[in-house]
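Given next are the chains, with one letter for each unit.
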Amino acid sequence: MKPTLLLWLALLPAGCVGYQADPLPLVLNGTLPVTMGARQEIDLSAPLDQDAIAALAVLANPDLKVLRSNAGISQAQVFAAGLLPDPSISAGVDHIISGPDPVDNLALSLGLDINALRTRPVLRQQLQARAEQVRLDIVWAEWQTVGQAKLQALRAVLLAQIMQIAESNAADSRAILEANLRAASRGDIGAQRLQSALLSANDAAQTLRQAQLDLQVARAQLNRVLGLAPETVLQLVMPTIPTNAPGPQSLLSIALDSRADLQALQRGYAAQEAAVHKAVLDQFPVLDLSLNTARDTGNNVLVGPAVNFTLPVWNRNRGGIALELASREALKAEYENRLFQIRADIGAALASLSVERQQYQDQLAQAPALASYAVSSRQAAARGDMARIDASAAELALGQSQRLLLQTRLNMLEQVVALELLTGVSRQQWK
C-alpha cells in the first residue's frame, strides 16, 4: 500500500470526538442542590407575590430542568441531519494459489449513498421543526408550572386565613356547647337545643380539621412545584381580584396568538409535512454510487463506476406514504380539537367567574350587617341585656360568613388563574 494512502488513513480519526464520562450528581441529605440563575435573586424570607412565585417556579422546578436537558437531544438530531454521509471504502485481495498468472488480484471500491444526499434537505427541515416543537413544548410546560405554582400559592395564603377563622369558629362552638351543657344540667334548656349545639360544635371541628388538611396539602404542593424542601413555609402576599376580564372572543384571540402549545402543534404539523415529502421522495429508486478500481491476475488495471438501485415496481413506498398522510390528518384533527377545547374552556371559566363574582358581592353586602350584629350582641352581653351564649352565636355566624367570603375569593382567583393558563399570558397582558 502506498505511504500517502497510509498517512491519509492514519489522519482520519483526528476529527473524531473523544469519550468523556459524566457521572450523576451526589445526593446531599436526601435532596439535590437547587441551582438558580445568577441574575435572578429571590429572597425566600421576604413576602412573595405572584410574579416572584412564577419566577421561582420556572427557575427551580425539577421537572422543568429535566425537560430542558432533553431539549439538547432534538438539537443534536438537527446537527446530525445536516452532516454529509461518509463515503464507504472496500478493498480485497485474491492470492493466487496455482496458475500461470503472475500477480494477485486486487480490488478497491469507493462508494457514496446518493439517496442520503437527496433526502438530506427535507430531513433537516423535518428535524428543525421537531426541535422547535420541543422548545415550544417546554415553554408551554413552564407556563403550566407557573399556573400550578400560582394556584397553590393562592390556596396557601387564603387557606391560612380560612383556618384561623375556622379555629375561632371551633372555639366559639365549643364555648356554646359547654354553656348549653351547663344549662341542660340545670334544666334550663331542652334536649333539642343541646343536640343542635352538639352538631354545630362537631361541624365546626370537622371544618377546622379539613381547613388544616387543605392548608397542609397546598403548602406541600407549592414546595414541590417550586423545588423547595417540604418543611419550607413561605410568606405570601395576598393577591388582588381583577375588577373585570375581557369577553370570550377577546380572550380567544389572545389565546390563539399567545399559547405556546398551539405554536408547538403548528411546528409539529410542519414537521409532518416534511415527513410526507420525504416519504414521497423515498418512492423513487434508492441510489448507491461507487467508483471501482481493480488489478486482475493478468496485471490489467481496471477503473469504472457502478450504480446500485432498487427498482420501484411493486412497493414504491406506498405503505410509508399512506402512513405519513394518515399521521398528518390525525395532527390536523388534533389541532382543530384543541381550538374547540380552548373556546369551550374559556367560556366555562368566564361563566364560573361571573357566578363567583356575583356570590362574592352578595356575601360582601351581608358582611356589614353581620359584623354590626356581632358587635351589638357582644356589648349587650357585657351589659347583661343578652345571654352570653346568644352573643357567642352571633360571633359564630360572623366567623362563618367571613370564612365563606374568603372561600369565594379563593374560587374567583382560581378562575382568574385558569383563564391565564387558557390564554397563555398573565392577566396584566390581557389589555
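Residues numbered from 1 in each chain as written. Predicted model: local features only at pLDDT ≥ 70, side-chain atom pairs only at ≥ 80, totals over all residues. Heavy atoms only, no water.

**Description of the pairing of strand 2 (residues 105–113)**
Counted only if it meets this: We treat two strands as partners when DSSP finds at least two bridges between them. A run of H or I in DSSP becomes a helix once it reaches four residues, and a run of E becomes a strand once it reaches two; helices and strands are each numbered from the N terminus.
Relative to strand 2, strand 1 (residues 88–94) runs antiparallel, the two being bridged by seven bridges. Residue pairing for strand 2: Gly92 is matched across the bridge by Ala107. Relative to strand 3 (residues 287–295), strand 2 is paired through eight bridges, and the arrangement is antiparallel. Paired with Asp113 across the bridge in strand 3 is Asp288.

**Notes on the sheet that holds strand 3**
Backbone-to-backbone hydrogen bonds join strands into a sheet, with any given pair of strands oriented parallel or antiparallel. Convention followed: With axes taken as lines fitted to C-alpha atoms, and helix axes fitted only over the stretch in contact, angles between N-to-C directions fall between 0 and 180 degrees. We call two residues in contact whenever any of their non-hydrogen atoms come within 4.5 Å of each other.
Read from one edge to the other, the open sheet built from four strands follows the order 1-2-3-4, with strand pairing classed as antiparallel. Each having just a single partner strand, strand 1 and strand 4 (301–309) make up the two edges of the open sheet. Along the sheet, successive strands turn relative to each other by an average axial angle of 15°, direction set aside. Relative to the sheet, helix 4 (residues 114–186) contacts strand 2 and strand 3, its axis offset from that of strand 2 by approximately 10°.

**Side note on the pattern of salt bridges**
We count it as follows: A pair is scored as a salt bridge if a Lys or Arg side-chain nitrogen falls within 4 Å of a carboxyl oxygen belonging to Asp or Glu. The buried label goes to any residue with under 20% of its type's maximum accessible area, the exposed label to any with over 50%, and the partly exposed label to all in between, with areas taken from a 1.4 Å probe on protein chains only.
Here the structure, examined in full by the defined rule, presents eleven salt bridges. For Lys278, the salt bridge identified is with Asp282, shortest N-O distance 3.0 Å. Classification of Lys278 as partly exposed rests on a relative accessible area of 22%. As a salt-bridge pair, Arg378 and Glu395 come within 2.4 Å of each other at their nearest N and O atoms. In this pair, Arg378 is assigned in helix 8 (residues 318–383) and Glu395 in helix 9 (residues 388–423), connecting sequence segments 17 residues apart. Look at Arg378 and you get partly exposed, because its relative accessible area is 42%. The class of Glu395 is partly exposed, set by a relative accessible area of 21%.

**Overview of the environment of Thr310**
Turning to its location among the elements, Thr310 is positioned in the loop between strand 4 and helix 8. In this structure Thr310 comes out as exposed when scored by relative accessible area, which is 51%. Distance in space between the C-alpha atoms of Thr310 and Val286 is 5.5 Å, their sequence separation being 24 residues. When residues no more than four places from it in sequence are discounted, the contact partners of Thr310 are Pro285 and Val286.

**Describing the environment of Ile189**
Following the sequence through the fold, Ile189 ends up in the loop between helix 4 and helix 5 (191–226). On the accessibility criterion, Ile189 (18% relative accessible area) is buried. Separated by 55 residues in sequence, Ile189 and Val134 place their C-alpha atoms 71 Å apart. With residues near it in sequence (within four places) discarded, Ile189 still touches Asn180, Ala183, Ala184 and Leu194.

**Some words on the pairing of strand 3**
Here nine bridges tie strand 3 to strand 4, and the two strands are oriented antiparallel to one another. Pairing of Asn292 across the sheet is with Gly304, part of strand 4.

**What about a nonpolar patch on the surface?**
Going by this rule: Like-charged residues within 9 Å of one another, or nonpolar side chains (Val, Leu, Ile, Met, Phe, Trp, Tyr) within 5 Å, are grouped into patches, provided each residue has over 30% relative accessible area and no salt bridge. Accessible surface is estimated by sampling points in the Shrake-Rupley manner with a 1.4 Å probe; for residues, cover comes only from the protein chains shown.
A contiguous nonpolar surface patch, about 730 Å² in accessible area, is contributed by Leu287, Leu289, Val307, Phe309, Leu311, Val313 and Trp314. For the nonpolar patch, the elements supplying multiple residues, two or more each, are strand 3 and strand 4. Turning to its location among the elements, Val307 is positioned in strand 4. In this structure Val307 comes out as exposed when scored by relative accessible area, which is 54%.

**A look at the packing of helix 6 (residues 248–258) against helix 9**
Our working rule: Reported orientations rely on four angle classes, namely roughly parallel under 35 degrees, roughly antiparallel over 145, roughly perpendicular from 65 to 115, and oblique for the rest.
Two numbers describe how helix 6 lies on helix 9: the axes approach to 8 Å, and their chain directions differ by 50°. Taken together, the axis directions place helix 6 and helix 9 in an arrangement best described as oblique. Residues Leu251, Ile254, Ala255 and Ser258 of helix 6 lie in contact with helix 9, whose contacting residues are Leu419, Leu422 and Thr423.

**Structural notes on the packing of helix 2 (residues 50–60) against helix 4**
Quick reminder of the rule: Note on convention: near helix rotated counterclockwise from far helix by under a right angle means a left-handed crossing. Clockwise means right-handed. Only Asp, Glu, Lys and Arg are considered charged, only Ala, Val, Leu, Ile, Met, Phe, Trp, Tyr, Cys and Pro nonpolar, and every remaining residue, Gly among them, polar.
Where helix 2 contacts helix 4, the axes come no closer than 9 Å and their chain directions differ by 135°. Judged by the angle between their axes, helix 2 and helix 4 are oblique. Handedness of the helix 2/helix 4 crossing: right-handed. For the pair formed by helix 2 and helix 4, the contact residues are Gln50, Ile53, Ala54, Ala57 and Val58 on the first element and Glu142, Thr145, Val146, Ala149, Lys150, Ala153 and Leu154 on the second. Considering only residue class, the contact of helix 2 with helix 4 consists of eight nonpolar, two polar and two charged.

**With respect to the confidence of the model for the chain**
The cut-off we apply is this: pLDDT expresses, on a scale from 0 to 100, how confident the predictor is about each individual residue.
Looking at the chain, the pLDDT average stands at 83 and 90% of residues meet or exceed 70. Taken element by element, the chain is modelled with least confidence in helix 1 (residues 3–11), mean pLDDT 48, and with most confidence in helix 6, mean pLDDT 92. The low-confidence segment residues 5–11, where pLDDT is below 50, has three contacts with residues more than four positions distant or belonging to other chains. Scored below 50 in pLDDT, residues 24–39 makes 13 contacts in the model with residues more than four places away or belonging to other chains.

**Focus on helix 9**
Inclusion rule: Any helix carries an expected span of 1.5 Å times its number of residues minus one.
Helix length check: helix 9, at 36 residues, gives a terminal C-alpha distance of 53 Å against a target of 52 Å (1.5 Å per residue), a fit within 8%. Gly424, located one to two residues past helix 9, shows a positive phi value of around 85°.

**With respect to the environment of Leu181**
You can see Leu181 is positioned in helix 4. Taking relative accessible area as the criterion, Leu181 reaches 45% and is therefore assigned partly exposed. For the pair Leu181 and Gln407, spaced 226 residues apart in the sequence, the C-alpha separation amounts to 32 Å.

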